[in-house]
Amino acid sequence: MTTPFAKAVLLTGAAGGLGAAMAEALAGDGHRLALVDCDEDRLQMLTDRLWRRYGEGVLLPLALDLTDEEACAEAIGRAAEHFGRLDILVNNAGIGMGILRPDYHLRPLSGLTEVSVEDWRRFIAVHATAPFIFMRAALPFMREHGWGRIVNITTSLSAMLKPQFFPYGASKAALEAMSSQFAGELEGSGVTVNVLTPGGPTDTPMVTEEVAPDRSVLLSPSVMASPVRFLSSEISDDFTGRRIIAAFWDKRLAPVDAAMKAGGPIGWPGTGPAAIWPDSLLGARYT
């Protein structure tokens, strides 16, 4: 699958395992990339690697801390100014339970007593507040051309709900719900909003050695490549409000068919009966 017109992309968490795999895939399709990460050394290593392959003009490295709300908004402006436009936003940056306890699988934390309010704020800042700021700042540039792509990387429902995955799961669930709401708000605008998730524990630094000493049992970050290429392409124009589980992507199928088979609607439809809303209330019925 190739992309007929190169677009300008801002990708957060670019230097991590999933981010680097997606950066490689999108650069290979001819896109220009603003690469955002808080780890300056790893970001520079990725930038140097892609520079050697694709040339300096297609890359803009931006080292910043996603808990800095002002810096997040400024990054969108810097990317749009550098490339003359901004078409695609991939909210991938994340922090894992390992920052609270490396062996969290073996010794689960009690969220109510061991996770501090400051810990909670940090997870929410990275997984929910920063993506919201990026989406809000990027939208005017996308609307200018009547075309845009927002791809939010969340996690599996089981990771959202497991007690030992608080606050990671709860903060990712916020991004999942937000994605569904914004997909509905932007329907018909030319800007799509979709969710992409690996589909299981992946061989990245987020899964610590204490948790998974045998890395062969983990998914490869490369599973993200085909889905993110599809979601960033023009053949996904009518694809919005969906979540794709990358591990279920079937490369033997046409991309649209693979995308439909590998996922479903964003969020958790079917988890219970619909709420009852009077038709007169807001003029709509919500579930």
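It should be noted that the structure appears before, not after, this text.
Residues numbered from 1 in each chain as written. Predicted model: local features only at pLDDT ≥ 70, side-chain atom pairs only at ≥ 80, totals over all residues. Heavy atoms only, no water.

1. Thoughts on the overall build of the chain
1) Next: Of regular secondary structure, the chain possesses 8 helices and 8 strands.
2) Next: Within the chain, buried positions represent 49% of all 287 residues.
3) Next: Contacts in the chain between residues far apart in sequence, at least 24 positions, make up 68% of those at least 6 positions apart.
4) Next: Summing over all exposed atoms, the chain offers an accessible surface of approximately 13600 Å²; the carbon and sulfur share of this is 54%. (Helix = DSSP H or I, 4+ residues; strand = E, 2+ residues; numbered from the N terminus. Buried < 20%, exposed > 50% of the residue type's maximum accessible area, 1.4 Å probe, protein only. Contact = heavy atoms within 4.5 Å. Areas by Shrake-Rupley, 256 points an atom, 1.4 Å probe, with all protein chains shown as cover.)

2. A look at the sheet that holds strand S5 (residues 148–153)
1) Next: Within the open sheet, the 8 strands sit side by side as S3-S2-S1-S4-S5-S6-S7-S8. Their pairing is mixed. At either end of the open sheet lies a strand with only one pairing partner, and these are strand S3 (59–63) and strand S8 (263–265). Strand after strand, the sheet turns through a mean of 15° between neighbouring axes, direction not considered.
2) Next: Bridging between strand S1 (residues 8–12) and strand S4 (residues 88–91) involves 3 bridges; their strand directions are parallel. Bridge pairing in S4 places Leu11 opposite Val90.
3) Next: Where helix H2 (residues 40–54) meets the sheet, its contacts fall on strand S2 (32–37) and S3, and the angle it forms with S3 comes to roughly 175°. (Pairing = 2+ DSSP bridges. Axes fitted to C-alpha atoms, helices over the stretch in contact; angles between N-to-C directions.)

3. What to know about the packing of helix H3 (residues 69–83) against helix H4 (residues 117–145)
1) Next: Two numbers describe how H3 lies on H4: the axes approach to 9 Å, and their chain directions differ by 30°. The pairing of H3 with H4 is recorded here as roughly parallel in orientation. In this structure, the crossing between H3 and H4 has a hand that is right-handed. Taking contact as the criterion, the partners of Glu69, Cys72, Ala73, Ala75, Ile76 and Ala80 in H3 are, on H4, Thr129, Ala130, Ile133, Phe134, Ala137, Ala138 and Phe141. (Parallel < 35°, antiparallel > 145°, perpendicular 65-115°, else oblique. Left-handed = near helix turned anticlockwise from the far one by under 90°.)

4. Observations concerning the side chain of Asn194
1) Next: By the secondary structure assignment, Asn194 is in strand S6 (residues 191–197).
2) Next: In this structure the side chain of Asn194 is engaged in a polar contact, spanning 2.9 Å, whose partner is the backbone oxygen of Phe239.
3) Next: Within polar-contact distance, the side chain of Asn194 engages the backbone nitrogen of Gly241 at 3.3 Å.
4) Next: With residues near it in sequence (within four places) discarded, Asn194 still touches Ile150, Val151, Asn152, Leu231, Phe239, Thr240, Gly241, Arg242 and Ile266. (Polar contact = N/O pair within 3.5 Å; in protein donor to acceptor, adjacent residues only side chain to side chain.)

5. Focus on the packing of aromatic side chains
1) Next: Applying the stated criterion to the full structure yields 5 aromatic pairs.
2) Next: Between the aromatic rings of Phe230 and Phe239, the centroid separation amounts to 5.2 Å while the plane-to-plane angle is 80°, which identifies the pairing as edge-to-face.
3) Next: For Phe230, a relative accessible area of 0% corresponds to the buried category.
4) Next: Relative to Trp249, the ring of Phe230 has its centre 5.9 Å away and its plane inclined at 50°; by these criteria the two rings are tilted. Remark: Trp249 occurs in the loop between strand S7 (242–245) and helix H8 (255–261) and Phe230 occurs in helix H7 (residues 225–231); sequence separation between them is 19 residues. Side by side, Phe230 and Trp249 carry an identical accessibility label, which is buried.
5) Next: Taken together, the ring pairs in this structure connect Phe230, Phe239 and Trp249 into an aromatic cluster.
6) Next: The ring of Trp147 carries the charged tip of Lys7 above its face, separated from the ring centre by 4.5 Å. (Phe/Tyr/Trp six-rings, centres within 6.5 Å; stacked < 30°, edge-to-face > 60°. Lys NZ or Arg CZ within 6 Å of the ring centre and 35° of its normal.)

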